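Single-letter residue listing:
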Amino acid sequence: MDEFSGRTAVVTGGAAGIGRAVGRRLAREGMKVVLADRDAEALEATVGELRAEGAEVTGVPTDVSKPEENQRLADAAFDAYGAVHLLHLNAGIGGTVPLLDPDPAVWQRVVGVNLLGVVYGIKAFGARMVESGEEGVIIATSSGAGAEGTSYQSGPYAATKNAVVSVVESLYGELRDRKANVRAALLFPPLTESSMGNPRVEQWLRDNGVPTTLMQPEDVAELLLDGVKRGRFYIRINETENDTLFDGRLDQAFFEWNERVTRGRAEAQIADTAPDGHLW
Ligand SMILES: NC(=O)c1ccc[n+]([C@@H]2O[C@H](COP(=O)([O-])OP(=O)(O)OC[C@H]3O[C@@H](n4cnc5c(N)ncnc54)[C@H](O)[C@@H]3O)[C@@H](O)[C@H]2O)c1
């Protein structure tokens, strides 16, 4: 997609962090932006902030783990603007609990938001976007934990972010088979400063052998926009984007680590060994 001005975007988890930065960036491209978030107060504040910058923004309080609230969000967006061109299913929460802990509550919560939130979003918007005939893209936010190896200390998070990859790959296939004018894409943010990422997490990851660099939500918004413009499916920072968008801010060691872990997982499956090489 290379036309943004006058078109409509919907971003979930839009009141803070990456979603807020994406909303702001798309509004600067001239898009009409609908932000959805469970935190109604933060949402109102973000909408006010972006409007003060001249953006056309609406906020719809939404809990993405509830199918009927996704439906209400889609109704609000289509009623207001007639079409949705860019849907960013970005709302997500962390989840760290040992599997040996007998309480299922964290799993239920994280699956509800990170996995079912994406599925319900696709169900509420997907068919309507396709049937409108308008050009569109549906992007879901995964994570490094969903792409490179398994963050086993955060089982619910890693499992749901892995599942998001699978869901959106299936969506890609369905849209391709239908020759739809709507594409699917996956966003893999690097470690990003937000309620989920901070210098302490960066240090912890480095101490555990992950040569990561803390990026800003605005960086991720830039990455997403560039990826959508170039029609990428896996929108992540590879060495090309590191050079063209971020002046080489990510350490070369990060890409080497990433490749080793990604290959390690595939090789462990082929060689029928255990996941020691890619658990982190
Ligand atoms: N920050 C990182 O390092 C990082 C890295 C990889 C992936 N991600 C992913 O990026 C996405 C955005 O995270 P962020 O870093 O901006 O965190 P954040 O906590 O700053 O923002 C997430 C937003 O989602 C909202 N939200 C949570 N549950 C919701 C629900 N049920 N319904 C609607 N809104 C809900 C929150 O209120 C919040 O405004 C998440 O999916 C996260 O897993 C983040």
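In this report, we go over the structure that sits alongside the text. None of these values were measured; they are calculated from a predicted model. (Residues numbered from 1 in each chain as written. Predicted model: local features only at pLDDT ≥ 70, side-chain atom pairs only at ≥ 80, totals over all residues. Heavy atoms only, no water.)

## Thoughts on the environment of A127
Part 1 of the reasoning: By secondary structure assignment, the location of A127 is in helix α4 (residues 105-132).
Part 2 of the reasoning: Its relative accessible area of 40% is what places A127 among the partly exposed residues. (Helix = DSSP H or I, 4+ residues; strand = E, 2+ residues; numbered from the N terminus. Buried < 20%, exposed > 50% of the residue type's maximum accessible area, 1.4 Å probe, protein only.)

## Side note on the sheet that holds strand β6 (residues 182-187)
Part 1 of the reasoning: The strand order across the open sheet built from seven strands is β3-β2-β1-β4-β5-β6-β7, with neighbouring strands paired in parallel fashion. This sheet does not close on itself; its edge strands, each paired only once, are β3 (57-61) and β7 (234-235).
Part 2 of the reasoning: Taken together, the five bridges between strand β2 (residues 32-37) and β3 define a ladder with parallel strand orientation. The residue of β3 that forms the bridge with V34 is T58.
Part 3 of the reasoning: Contacting β2 and β3, helix α2 (residues 40-52) runs over the sheet at an angle of about 175° to β3. (Pairing = 2+ DSSP bridges. Contact = heavy atoms within 4.5 Å. Axes fitted to C-alpha atoms, helices over the stretch in contact; angles between N-to-C directions.)

## Structural notes on the site of the ligand
Part 1 of the reasoning: Residues in close proximity to the ligand total 28 residues, the closest being I18, D37, Y157, S194 and S195.
Part 2 of the reasoning: Within the backbone of T192, an N or O atom sits 2.8 Å from an oxygen atom of the ligand.
Part 3 of the reasoning: In the complex, 93% of the free accessible area of the ligand, which totals 830 Å², lies under the protein chains.
Part 4 of the reasoning: For the shell around the ligand, a count of residues per class yields eleven nonpolar, twelve polar and five charged. (Near = heavy atom within 4 Å. Polar contact = N/O pair within 3.5 Å; in protein donor to acceptor, adjacent residues only side chain to side chain. Areas by Shrake-Rupley, 256 points an atom, 1.4 Å probe, with all protein chains shown as cover. Nonpolar A, V, L, I, M, F, W, Y, C, P; charged D, E, K, R; others polar.)

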